[in-house]
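Chain residues, written in single-letter form:
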Amino acid sequence: SEGTLTVMPKVGFNYSDVSGAGKIIDNKGGFAAGAEVEYRINTWLGLSGGLMYEQQGFKHKQSDNKLKTEYINIPILARFYVWKGLTLSTGLQPGFLTKAKFGKSEEIDVKSDINKFDLAVPVAISYDFPFGLNIELKYYDGIVDVIKDKAGNTFGTSSMTSRWYEEKNKNRTL
C-alpha cells in the first residue's frame, strides 16, 4: 500500500552468458543473494534499490575452461504493479567486480583483464503470492564490455557483455 517501505531478501540462481563471443561460449550458473528495499509511492508504482552478491561468467566450449566472476550489483528499479500480485520492473544496475578466475582445475586470477565496473539494464516480471512469497524472473543486458580492451588479454576478445538473471525471493513489509 501507499507510503510503505518493504525489505525484500533475495536468494536465487543466476544463469549468465556473454554476447559477442560467437559459438565458443556456453552459459554458466551461479549463486545470487542480497536484499532490496522498496518505497511504495502509490497503488501502482514503487521505487527500489538493493545490494546483491552475484556469481557470473561463462564456459568456453572447446576447452571447458570457465570464467568465474563475482560482483556486487546495485539494482535501482521502478516497479509497476499491473495486476493482483503481478509486477513489472525496469531500471539500471551498476555492478562492481570483486573476483575473476579463469580455468578448469587450475584457475588463474584474471581480474586485471576484466572491467571492474559493469552497468546493465534489467527488466523483470514478478508475482507476489498472498502468503508472502515472491518469485521473480529478471533479464538484464550489459552495457559495458566484460573484457577490458587490451591486446593480449586472456580471452582474445574485448566485445563481450553479460546477460540473464533469475532469482526467487521473499518479501517482508515494515
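Notes on the structure in this doc start here.

Thresholds, definitions, all that
- Residue indices begin from 1 for each chain and proceed along its sequence in written order.
- Local features in a predicted model are, by the rule used here, given only for residues with pLDDT of at least 70; side-chain atom pairs are given and counted only at 80 or more, and totals for whole chains, interfaces and linings are based on all residues.
- With hydrogens and water stripped out, all remaining heavy atoms of the structure feed into the side-chain values.
- Only residues whose relative accessible area exceeds 30% and that form no salt bridge are eligible for patches; like-charged ones are grouped when within 9 Å, while nonpolar side chains (Val, Leu, Ile, Met, Phe, Trp, Tyr) are grouped when within 5 Å.
- Values of accessible area rely on a 1.4 Å probe in the Shrake-Rupley scheme; residue burial ignores everything except the protein chains shown.
- Salt bridges are counted wherever a side-chain nitrogen of Lys or Arg sits within 4 Å of a carboxyl oxygen of Asp or Glu.
- The way it works is that DSSP assigns letters per residue, a run of H or I at least four long becomes a helix, a run of E at least two long becomes a strand, and they are numbered from the N terminus.
- Centre distance within 6.5 Å is the pairing criterion for rings of Phe, Tyr and Trp, where only the six-membered ring of Trp is used; planes under 30 degrees apart are then read as stacked, over 60 as edge-to-face, and the remainder as tilted.
- Here's how the labels work: a residue is buried when its accessible area is under 20% of the maximum for its type, exposed when over 50%, partly exposed in between, all with a 1.4 Å probe on protein chains only.
- Residues belong to a common nonpolar core when they are buried Ala, Val, Leu, Ile, Met, Phe, Trp, Tyr or Cys residues joined through side-chain atoms within 4.5 Å.
- In this analysis, two residues are considered to be in contact whenever any of their non-hydrogen atoms come within 4.5 Å of each other.

### Brief notes about a nonpolar patch on the surface
Judged by side-chain polarity, Trp-44, Phe-80, Val-82, Trp-83, Leu-88, Ile-125 and Leu-137 come together as a nonpolar surface patch covering roughly 680 Å² of accessible area. Along the chain, Trp-83 falls in strand S6 (residues 76-83).

### Points about the packing of aromatic side chains
According to the stated counting rule, one finds five aromatic pairs in the structure shown. Here the aromatic rings of Phe-31 and Tyr-53 are separated by 6.5 Å at their centres, their planes lie at 50 degrees, and the arrangement is tilted. Here Tyr-53 lies in strand S4 (residues 45-60) and Phe-31 lies in strand S3 (residues 28-40), a separation of 22 residues in the sequence. Among the residues examined, Tyr-53 registers a relative accessible area of 24% and is labelled partly exposed. Residues Phe-129 and Phe-131 carry aromatic rings whose centres are separated by 5.4 Å and whose planes lie at 20 degrees to one another, so their mutual orientation is stacked.

### Concerning the nonpolar core
Soluble, globular proteins show a tendency: their nonpolar side chains are buried together. Within the largest apolar cluster, ten residues are counted, these being Phe-58, Leu-67, Tyr-71, Leu-97, Ala-100, Phe-102, Val-110, Ile-114, Val-146 and Ile-147. If you list the elements that add at least two residues to this core, you get strand S5 (66-73) and strand S7 (86-103). Setting aside chain neighbours within four positions, we find Tyr-71 in contact with Met-52, Tyr-53, Glu-54, Gln-56, Gly-95, Phe-96, Leu-97, Thr-98, Ile-114, Asn-115, Asp-118 and Val-146.

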